[in-house]
Amino acid sequence: MWLLIFLAWLVIWAGGTYWYLFGKKSPFSLESVRPPGPREFDQKKRDKVIKQGFSLDKVPQNLDVIVIGSGIGGLTAAATLAKAGRRVLLLEQHDQAGGCCHTYVEKGFEFDVGLHYIGQVHENSLLRIAFDQISEGQLEFQKLNQHFDTIMIGQGQEKREYTIFSGKTEMKAHLMKQFPDDTEAIETFFNIMKVSAKKTHYLATLKLIPQWVSLFILKSGIGNLLTEVFRLSGTCATDLVNTLTSNKDLHVIFSYLFYGVPPKDSSILINALLIHHYKRGAYYPKGGASEIAFHIIRTIQKYGGNCLVRAPVTGILVNDKGAAYGVKVRKGQAEVEIHAPVVVSNCGVFNTFQRLLPPAIQEKKGIQERLNMMKHGRGSFLVFSGFDGTQEELGLESTNFWLFKNNDMDTSMDAFFALNKEEAPDNIPMMFITMPSAKDPESKIRHPGKSCMTILTMVKYEWFEEWKDTSVRKRGDEYYNYKMRFAKNLFDRACTLFPKIRDKLVFQDVATPLSNNHYLGAQRGAMYSAEHNLDRFQAETVARNRCNTPVKNLYISGQDVFSCGIAGALHGGLLCASAVLDHIVYIDLLFLKKKLKRRKARELAELSKKKLQ
């Protein structure tokens, strides 16, 4: 009797699992991908897609999902759900869609705001397949030079320069040439990179299976028997690299892709994944970063949805049973309600839980527990500079430059963030320089004879907090003079690398954490959203920090779901769509990947036959 009951339960469980994994129609297909069409250079036509202003008559009828925030996480979730048959409305508070993927044009110069380069979009990679599906094949990527990053450590005569190459074997080999006494350390680090990249799906799986199952796997020790990725995720970067080598310059190389957290507070897995991300090449979207939003929104519209800007969401509607059922949007001096059975928030956990939910819901234990898992990220500070002259005339290049005052990132970052407001501008320990006009071959068509540069560093929100209640571009002389102290020091340093740019500077704009909060909705100006510290990447925290929220029918997407950056936020969107659909869309992507590999093998075989004939 008991055996029959057990067998019946087993059959039901197996059937349910099969249905969950394979029983639902895939939102993705090879047939939906078509060859890229001609680039749309007419800005008015582009604006109809990425700058369509909010009004109630533009809201699709019978909505299934509302997505708050049009960054890549929101775009990905919205497009995936739209292709799965859901009618989706994507709402953006800024006057242009795209979040950190948007660009802005000022006085003939076009600047990328958050996408400076991207990796893992080589042919038939999972990320490339995902981009192809949500844009239906319309996004194209320009591969950058093999030498894609330069790292400079120290100043004056003490300055050392290292170069980072892409390539399956070339990245490691080139690094070993520069550090011949540390080949064993580099070999070990690259093994960690390999494990991290190949087994990261285990971390994603923790967010997709029932939470109690995830926690049982971890607490029982089964997880560590399956893979070491759970241990690596919670391992301090500084502690691990200290066991590999005493070479402090190499320590910097292993953690140079900074995101506001010193290595001693960051996960070795995340740092390893960031470097591995560019192993197969660094790329830039042809036509600029705004192409991403432009094409993905058209996918959403194709399936009956829409994306509307200048649509600041002021609240998430929650009914008496504790379920989300829509949003409130500010239109002029009034608020309008839009209803849908599912709400997805791509504006970060802090904005979602502390600003958009009703106060009574914010106080609930489950919400507070989710908030306590996270800390606010560091603010970003950017300097946008435009020059009269081509990249050849100015000596600019597609390679990015990462500059560090010394090789002790832990001490220098701690010391910098401990400074008071007046000391900070003159003691910036690190900076990043990128030249988007040199990366996009079509920039010369759109903006002939002009070049641009973006400089980025991380700052404390508190240094700018006294001006938080002032209006954008009307914050006063004191604010302007203060931010320009940062900007001058950053630009002067850039001029030491590119001396021709100083006399050709014709435009400069500066974005502080307050600017990022205003334009991007990034709370406290944190473009990478919640802090990517070691606590956040402990395996149990990863399992608990999922797309589902304590509010029924409310889901989280974007960087706060998994990790920072364009790829991290996109995966946040895929994880969110999986949660909403109750179907793991990664399985569909993996099936497509197998089909594409078989197709490629057939093409190569046919090509070989033709050569032999």
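Per chain, residue numbering runs from 1 following the sequence as it is written. Residue-level local features of this predicted model are given only where pLDDT is at least 70; pairs of side-chain atoms are given and counted only at 80 or more, and the full residue set underlies all totals for whole chains, interfaces and linings. The side-chain quantities take in all heavy atoms of the structure and omit both hydrogens and water.

A tally of helices and strands in the protein yields 25 helices and 20 strands. In terms of overall dimensions, the protein has C-alpha extents of about 80 × 60 × 60 Å along its principal axes. The buried label applies to any residue whose accessible area, calculated with a 1.4 Å probe on protein chains only, is under 20% of its type's maximum; exposed applies above 50%, and partly exposed to all values in between. Within the protein, buried positions represent 58% of all 613 residues. The contact definition used throughout considers only heavy atoms, calling two residues in contact when any of these lie within 4.5 Å. By sequence separation, contacts in the protein at least 24 residues apart represent 75% of the contacts at least 6 residues apart. All accessibility values rest on the Shrake-Rupley procedure with a 1.4 Å probe; residue burial counts only the protein chains present in the view. Surface accessibility of the protein: about 26600 Å² in total, with carbon and sulfur atoms responsible for 52%. Where the 79 positive side-chain charges of the protein centre and where its 62 negative ones centre are 7 Å apart. Secondary structure counts use DSSP, requiring at least four H or I residues in a row for a helix and at least two E residues in a row for a strand, with both numbered from the N terminus. For the purpose of counting charges, residues Lys and Arg are taken to be positive, whereas Asp and Glu are taken to be negative. His and the chain ends are not included. One atom stands in for each charge, and that atom is NZ of Lys, CZ of Arg, CG of Asp or CD of Glu.

Look at Lys107: it is not a glycine, yet its phi comes out positive at around 55°. Its place among the elements puts Lys107 in the loop between strand E3 (103-106) and strand E4 (109-112). One non-glycine residue, Asn124, adopts positive backbone phi at about 65°. Within the secondary structure layout, Asn124 lies in the loop between strand E5 (118-119) and helix H4 (126-135). For Asn124, a relative accessible area of 17% gives the class buried.

This paragraph deals with the UniProt feature "transmembrane region" (unreviewed entry) in the protein. When the UniProt feature table is mapped onto this chain numbering, "transmembrane region" (unreviewed entry) sits at residues 569-592. As annotated, residues 569-592 has a helix share of 88% and a strand share of 0%, and its two end C-alpha atoms lie 21 Å apart. UniProt positions are given in the numbering used here, feature names are shortened, and annotations may be inferred rather than shown by experiment.

Considering every residue of the protein, the mean pLDDT works out to 93; 96% of them sit at 70 or more. Low pLDDT, under 50, characterises residues 1-19; the predicted model gives this stretch 2 contacts beyond four residues in sequence or across chains. Values of pLDDT, the confidence the predictor places in each residue, fall between 0 and 100.

Right, let's talk about the UniProt feature "domain: Amine oxidase" (unreviewed entry) in the protein for a bit. With numbering matched to this structure, UniProt assigns "domain: Amine oxidase" (unreviewed entry) to residues 72-581. The distance separating the terminal C-alpha atoms of residues 72-581 is 19 Å; by composition the span is 40% helix and 20% strand.

Once that is clear, we can look at the environment of Ser443. Looking at where Ser443 falls in the secondary structure, it is placed in helix H20 (residues 443-446). Residue classification places Ser443 among the buried residues on the basis of a relative accessible area of 7%. In this structure the C-alpha to C-alpha distance between Ser443 and Glu110, which are 333 residues apart in sequence, comes to 8.5 Å.

Attention shifts here to the sheet that holds E5. Think of a sheet as strands paired side by side through backbone hydrogen bonds, with each pair either parallel or antiparallel. The 3 strands lie next to each other as E5-E9-E6, forming an open sheet whose pairing is antiparallel. A single partner strand is all that each edge strand has here, and the edge strands are E5 and strand E6 (141-143). Here a strand pair is declared whenever DSSP counts at least two bridges between the two strands.

In this section: the pairing of strand E2 (residues 88-91). Residues Val88 and Leu90 of E2 are buried on one face, and the alternating residues Leu89 and Leu91, pointing to the opposite face, are buried as well. Alignment of strand E1 (residues 65-68) against E2, held across 4 bridges, turns out to be parallel. Bridge assignment links Ile66 to a residue of E2, and that residue is Leu89. Each parallel crossover has a hand, and for E1 linked through helix H3 (residues 72-83) to E2 it is right-handed. By convention a crossover is right-handed if, when the strands point away from the viewer, the path from the first strand over the helix to the second runs clockwise.

Reading across from one edge, E10-E2-E1-E14-E20 is the order of the 5 strands in this open sheet, with parallel pairing throughout. Looking at which strands have only one partner, the edges of the open sheet turn out to be strand E10 (306-308) and strand E20 (554-556). When the angles between neighbouring strand axes are averaged without regard to direction, this sheet yields 20°. For E2 and E10, the ladder comprises 3 bridges, and the chain directions are parallel. Directly across from Leu89, in E10, lies its bridge partner Asn306. For helices, the fitted line uses only the C-alpha atoms of the stretch in contact; every axis is such a line through C-alpha atoms, and the angle between N-to-C directions lies from 0 to 180 degrees.

Moving on: the environment of Ile584. Topologically, Ile584 is positioned in the loop between helix H24 (565-581) and helix H25 (585-612). You can call Ile584 buried: its relative accessible area is 11%. Taking the C-alpha atoms as reference, Ile584 lies 9.5 Å from Ile209; in sequence the two are 375 residues apart.

Candidates for patches are residues over 30% relative accessible area with no salt bridge; among them, like charges are joined within 9 Å and nonpolar side chains (Val, Leu, Ile, Met, Phe, Trp, Tyr) within 5 Å. Salt bridge, as applied in this entry: a Lys or Arg side-chain nitrogen positioned within 4 Å of an Asp or Glu carboxyl oxygen. Side chains of Lys594, Lys595, Arg598, Arg599 and Arg602 sit close together on the surface and give a patch of like positive charge. As for its position among the elements, Lys594 is in helix H25.

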